[in-house]
Amino acid sequence: MIKIIHSILLLTLLFAFFRFSHAQETMPLINSTLDGEVVDAATKEPLTGATLQLEGVTHSTKTDGRGRFRFVTGQKFPYTIIVSYLGYQTRSIVATGSPITIELEPDATGLDEVVVVGYGEQRKSNLIGAIAKVNPATVKAIPEASFDTQIQGNVAGVQINGGTGIPGSNTFIRVRGATSINSSNDPLYIVDGIFVNNASLQSVAADRSTSPLADLSPEDIETIEVLKDAAAISIYGSRGANGVIIVTTKRGKFEQQPTVAVNTSQGWGWAPKQWELTTGPQHALLVEEYRANEGLAPVFTANTRGLPEDQPTYDRQAILNQTARYQNYAVSLTGGSEHTSYYLSATHADQEGIWKTMGFNRTGFKVNLDQKITDRIRVGTTNTLSRSIRNIGRAVGSGGTGALYQASVDIPTYLPIFDEEGVPLRWVNFDNIYSLTTETDNTAVSNHYIGNIYGEAEILPSLKFRSSFSLDYNSYDENEYWNTNLLRGIANNGEAIHSYTTSNYWVNEQTLSYQTSVAADHHIGILIGNHIEGTLVTNTYAAGTNFPNNSYTLISAAANQTVEESWRKNALVSFFSRVEYNFRGRYLLEATLRADGSSKFAAGNRWGYFPAVGAAWRLSDEPFLAHTGVTNLKLRASYGVAGNQNGIGDFAYRGLWGAGEGYPDKGAAELPGTAPLQLANPDLRWEKTSQLNLGVDFGIWNNRLIVEANYYRKYTTDALLQISVPNYIGFTSYLSNYGEISNRGFELTLNSENIQKKNFTWSTAFNIAQNKNKIEVLPSPMSFEDRSFLRIEQGVPLYSYWLYHFLGVDSQTGDMLLEDVNGDGQITPADRKVVGDAWPKFFGGLSNNLRYRHVDLNIQFTYSFGNRLWNHNRMLGEQGGRLDANRVIFASQLNRWQQPGDVTDVPRLTLENYSRQEVSRFFEDASFIRLRTLSVGYTFPVKNSHVFDRLRLYVVGTNLWIWTPYSGADPETRIERGESQNIQGYDFASPPTPRSVQFGINVTL
């Protein structure tokens, strides 16, 4: 593996310094030299890479990084130059002398815009699939470590939730719903043609998943495309079953003058809300009221703990929370000669968490190089190397060992934090928050390389061959030490853990593409290719307990040492083909077929075949719509099938045995043994999801208003599912194909150019989507989480909650009223039912971009309505079964029923009313409207500057305002557990999304 990385880096250096010699050319006749620049007509910003061609001849040139050009020709003034640039209207200019400034108007139709699709590019006008394009320049200033979180609210039908204030943690993302129970629902990520492994490698703090995507710097990203329907994703077969996110990073252009870009920002973030706890006197008052109602003796008396009104109040959350510092630095060099183009960058980001001990630090380097060997042969390489340091902290736990939330919230506020000598105190088996935030040692270091090399040859003008090899290599090194001032360290006389994981994921691909036109009306494209990939993940996990003292933290110093090792690997071989046809750009057809062979299935079921077909009709090109004001009208339809095997074991179909099962024989020593580990299922086969998509694209007034609408229906069969088996056979379950899931919904996107004046522009983008998920077939209900709060069963959606249905509080007695589902006159576990789910009824985003002269303003809102969230914090804070002097009480408990006539949803303080935790009154409406970002920038006029090509100052505020009926700290929060794929809509012990402000500067030289 090291040799492979060295080879790629060596190739990079060769590209950077290698020079080709060329034969001496005859000096042409020069009659005129034209110098000038090409700029945006509205913003006056330079346009890099614009093409200028002399009319009637082949002589052409391109603008450099400053938008400038020099045209040397044998013709004399005047002559006509044709100027073109993607996304702008082509102009013919008569040049009468030098210098000259050429202004290009943006092309409002946008139909010639190039969109990245599977293994190629297409003009937007020829798209059949549902593909959304995101400009990362509008979102990269959002202080999120991972770019997928930054695009939240920008793509219809894509539900994104960072969900925690833990920098570098993973992201919940669903493209058109969830299609699987046991297999993965995450989309496929492709960066510059490199398939990226987004699985978390975290193993020490297993209740916190991390995102390898956070190792990529958003500063390097040029465009992001999200592929959603079968026509778009089917070329990726099983890899694209849950949607595809394609990231294209920045590259240089040939014949481009060197351009240096510098960006830096500094900011601060803070918790927008804290959990509202009772004060010391309030806590004691509620405890005594409860004890009086139960006929128990008081505990807060003058002779014991003091009277309720005499109790002090201590704020542990003030110790946990901090004002987080954000820092971001990026510098890049872009350019190219006639035969070489390059992009080099160095970035550094440092982001503290709003909870102490948490943070994320990333340093990255990127090199993209392209080299023309001849006019028909090109080679290139993409390289990203990053080093990330994560301090993810401990936030979740059933006890108090290292749990930041429990140590700061679960201890009653009347109990002191320090003793009279300033020594931190521990209460009720919870760590002291001061000790926990100053003495916890928990870090993870990731050294992550993502890169590829490619070569492509133009065999014929219409026939191109491409071959590439890519590698995603990640070494993830975790260390943790619990000293003897913390509960876990006390119990083990010091405890150290070290986990080292390597993920080695490689892909080799070959494609052959053919494009031709027949009689100028018939356009045909054919693509065939193959894909080979392999994955190897290894882990060494070592632990040590019983240390001499806290100065020794290496496991080698422990009296008791254990070690575990594991590895897993899989391979996939694929063949694929796509055929495209369009007639005059009016009637469009596309067909795709991919065959995937996976090592996760037995030989008889190893291959899966996934076809797709699509068609589109551009009605706006028909004569009957001429002169109607309709700029674009296109109807689209597609249907296809994708497979899924992600997320299941690498040896899923095999019967497995495990070693390390010692057994006693004669004597006290154990003998080595093995034991059955997994039941075999040679009939295991691919999970399959079919998808129908119907869409329409509509634009009027020269596309000043653009509408895109999609309706889809996805249906999953042969769901990969762990089926329960009788315990007497020695297993609890085995993996099988049993289950069907449906998703159906709509997406609507509106883009409008409201005002387009020379000095003032205003554009709006709005999207809304709905997804309805349903389990169509399931052999028996399945429950998740310790108390089975979540339950999935036939006829209900994933992420459903199985609870006692809360009907309110009797205003006369103060007793909690629960639904008697079976009508037997008693409330028993048989009365629990599915009361709702975490899916929103609709969600989306709204953004406005305004520019007045040199000032720009961006405002983005994200929203979600109808989603519900289980408030586990509140359930425990309202005592979850008991009220006593040693457990926290939330301030919401003060709204309890006290006398006849009180109208409230908080019952009378009695054991009967608080003996059940699984009550739907804690399953709250978590709808929200969030001011996601507000940014203001000023671009200095530097047209005549000899130093700057561009200078912009900006300020960005995120999460500045939110409306929500949810009582918790954040309606988008979520928990991370081992079963996290099926535990969604669950709020417990997670820091909320920070509120932040950043100041930054962009400079181009």
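Higher on the page you've got the structure.
Source: prediction; values computed, not measured. (Residues numbered from 1 in each chain as written. Predicted model: local features only at pLDDT ≥ 70, side-chain atom pairs only at ≥ 80, totals over all residues. Heavy atoms only, no water.)

### Here's the deal with the packing of aromatic side chains
Counted under the stated rule, the structure contains 30 aromatic pairs. Seen from their ring centres, Trp-870 and Phe-922 are 6.1 Å apart, and the 85° between their planes marks the pair as edge-to-face. Taken together, the positions of Trp-870 in strand 48 (residues 868-871) and Phe-922 in the loop between helix 9 (872-877) and strand 49 (923-925) put the pair 52 residues apart, joining distant regions of the chain. You'll find Trp-870 and Phe-922 in the same group, each marked buried. A network of ring pairs unites the aromatic residues Phe-789, Tyr-801, Trp-870, Phe-922, Phe-923 and Tyr-986 as a single cluster. The cationic tip of Arg-466 hangs over the ring face of Tyr-454; the distance from NZ or CZ to the ring centre is 4.2 Å. (Phe/Tyr/Trp six-rings, centres within 6.5 Å; stacked < 30°, edge-to-face > 60°. Helix = DSSP H or I, 4+ residues; strand = E, 2+ residues; numbered from the N terminus. Buried < 20%, exposed > 50% of the residue type's maximum accessible area, 1.4 Å probe, protein only. Lys NZ or Arg CZ within 6 Å of the ring centre and 35° of its normal.)

### Focus: the nonpolar core
Leu-798, Trp-870 and Tyr-986 are the most contacted members of the largest nonpolar core, which totals 62 residues. Of all the elements, helix 6 (residues 404-409) adds the most residues to this core, at four residues. Excluding its chain neighbours within four sequence positions, the residues that come into contact with Tyr-986 are Glu-785, Phe-789, Leu-790, Tyr-801, Leu-869, Trp-870, His-872, Thr-973, Arg-974 and Ile-975. With 23 residues, the next largest nonpolar core counts Ile-173, Leu-216, Val-226 and Ile-450 among its residues. (Core = buried A, V, L, I, M, F, W, Y, C linked by side-chain atoms within 4.5 Å. Contact = heavy atoms within 4.5 Å.)

### Description of unusual backbone geometry
Phe-77 connects to Pro-78 through a cis peptide bond whose omega is -5°. As for its position among the elements, Pro-78 is in the loop between strand 4 (68-73) and strand 5 (79-84). Here the residue pair Ser-98 and Pro-99 is connected by a cis peptide bond, since its omega of 0° sits within 30 degrees of zero. Secondary-structure assignment places Pro-99 in the loop between strand 6 (91-95) and strand 7 (100-104). Positive phi, close to 55°, is recorded for Trp-701, a residue that is not glycine. In this model, Asn-703 sits at a positive phi of 65°, which is unusual for a non-glycine residue. Structurally, Asn-703 is set in the loop between strand 34 (687-700) and strand 35 (705-717). Assessed through its relative accessible area of 3%, Asn-703 is described here as buried.

### A short note on the side chain of Ser-446
Along the chain, Ser-446 falls in strand 22 (residues 441-460). A relative accessible area of 0% means that Ser-446 is categorised as buried. One polar contact links Ser-446 to Asp-215, side chain to side chain, over a distance of 3.3 Å. A polar contact of 2.8 Å, which involves the side chain of Ser-446, links it to the side chain of Asn-474. For Ser-446, the residues in contact, after removing those within four places along its chain, are Asp-215, Ser-386, Arg-387, Ser-388, Arg-390, Asn-474, Ser-475 and Tyr-476. (Polar contact = N/O pair within 3.5 Å; in protein donor to acceptor, adjacent residues only side chain to side chain.)

### Description of the pattern of salt bridges
According to the stated counting rule, one finds 32 salt bridges in the structure shown. Two residues, Asp-521 and Arg-584, come together in a salt bridge whose shortest N-O distance is 3.3 Å. Residue Asp-521 is located in the loop between strand 24 (495-518) and strand 25 (522-545), and its partner Arg-584 is located in the loop between strand 26 (560-583) and strand 27 (587-598); the two are separated by 63 residues in the primary sequence. Judged by its relative accessible area of 23%, Asp-521 is partly exposed. Residue Arg-584 is classed as partly exposed on the basis of its relative accessible area, which comes to 45%. Where Arg-791 meets Glu-793, a salt bridge forms, and the shortest distance between an N and an O atom there is 3.0 Å. (Salt bridge = Lys/Arg side-chain N within 4 Å of Asp/Glu carboxyl O.)

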